Amino acid sequence: MDDYDPKIIAFCCNWCSYAAADLAGTSRIQYPSNVRVIRVMCSGRVDSIFVLESFKKGADGILVAGCHPRGCYYLTGNEKAEYRMEFLREIMPQIGLNPRRLRLEWIAGSEPDKFARVCREMVEDLKRLGPTPLKGGIE
Ligand code: FES
């Protein structure tokens, strides 16, 4: 288990969280290389299917990151994201996944440190949980 390196998909909204991830990179703030960032225009664009498909393809953890409440550029996109992620966390045990594998965070463009911290915390938490039970994917 020591050599287990969790794979994390991070869906980041273009206007805040992606900017934070970008700033972390340009500011040389270290965050784990386990994280693959996918830019979406808004966290509200992250459909439940994106999350389930990522787990199905073997992601150990998923981060959905968007603008802070009342900061969404599309007004209520982050509220929709919150609703969807809560629903997903409720059904995850039914497909054998611990809800801790899915994390939702509000990260402003000016918070590269928070982005890096959340990524580090997720890696540590996923190492405690171990590899996804869907390892190798499902059909
Ligand atoms: Fe960032 Fe909607 S634009 S969460």
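Refer to the structure presented above.
Predicted model only: the values in this text are computed from it and were never measured.

This part covers helix 4 (residues 112–129). The first and last C-alpha atoms of helix 4 sit 26 Å apart over 18 residues, in line with the 26 Å expected at 1.5 Å per residue. Phi for G130, located one or two positions after helix 4, is positive at around 85°.

As a further point, take unusual backbone geometry. We note that R28 has phi near 60°; this positive angle belongs to a residue other than glycine. According to the relative accessible area criterion, R28 is exposed, its value standing at 74%. Despite not being glycine, R70 has its phi angle at roughly 65°, a positive value. Turning to its location among the elements, R70 is positioned in the loop between strand 3 (61–66) and helix 3 (77–91). Among the residues examined, R70 registers a relative accessible area of 82% and is labelled exposed.

Let us now look at helix 3. Compared with the 21 Å implied by 1.5 Å per residue over 15 residues, the 21 Å span of helix 3 between its first and last C-alpha is a close match. For helix 3, the set of buried residues is G77, N78, A81, M85 and L88. The buried residues of helix 3 occupy an angular sector of 85° when the element is viewed end-on, so they sit on one face. Along helix 3, the residues that are exposed and aim more than 90 degrees away from the buried face are E79, Y83 and E90. On the buried face of helix 3, the contacting elements are helix 2 (48–56), strand 3 and strand 4 (102–106).

This next bit is on the pattern of salt bridges. Side chains carrying opposite charge are able to pair once their charged atoms draw close together. Taken as a whole and assessed by the stated rule, the structure comprises seven salt bridges. The partner of R117 in a salt bridge is E121, and the shortest N-O contact between them spans 3.0 Å. Of this pair, R117 and E121 both sit in helix 4, four residues apart, roughly one helical turn. On the basis of relative accessibility, which here comes to 31%, the residue E121 falls in the partly exposed class. A salt bridge links R128 to D125, with the nearest nitrogen and oxygen atoms 3.7 Å apart. Of the two residues, R128 and D125 are both situated in helix 4; the distance of three residues between them amounts to about one turn of the helix. Residue classification places R128 among the exposed residues on the basis of a relative accessible area of 62%. Several salt bridges converge on common partners, so that one network encompasses R103, E105, K114, R117 and E121.

Cut-offs applied
- Think of each chain on its own: its residues are numbered from 1, step by step along the sequence as written.
- Note on the predicted model: pLDDT of at least 70 is required for a residue's local features to be given, and 80 or more for side-chain atom pairs to be given and counted; whole-chain, interface and lining totals, by contrast, use all residues.
- Based on all heavy atoms of the structure, the side-chain values leave hydrogens and waters out of the count.
- Counting from the N terminus, the helices are DSSP H or I runs at least four residues long and the strands are E runs at least two residues long.
- Each helix should span, by expectation, one fewer than its residue count multiplied by 1.5 Å.
- Partly exposed residues are those whose accessible area sits between 20% and 50% of the maximum for their type, while under 20% is buried and over 50% is exposed, using a 1.4 Å probe and protein chains only.
- The arc in question is the one traced by the directions running from the helix axis out to the C-beta atoms.
- In this analysis, two residues are considered to be in contact whenever any of their non-hydrogen atoms come within 4.5 Å of each other.
- Any carboxyl oxygen of Asp or Glu within 4 Å of a side-chain nitrogen of Lys or Arg constitutes a salt bridge here.

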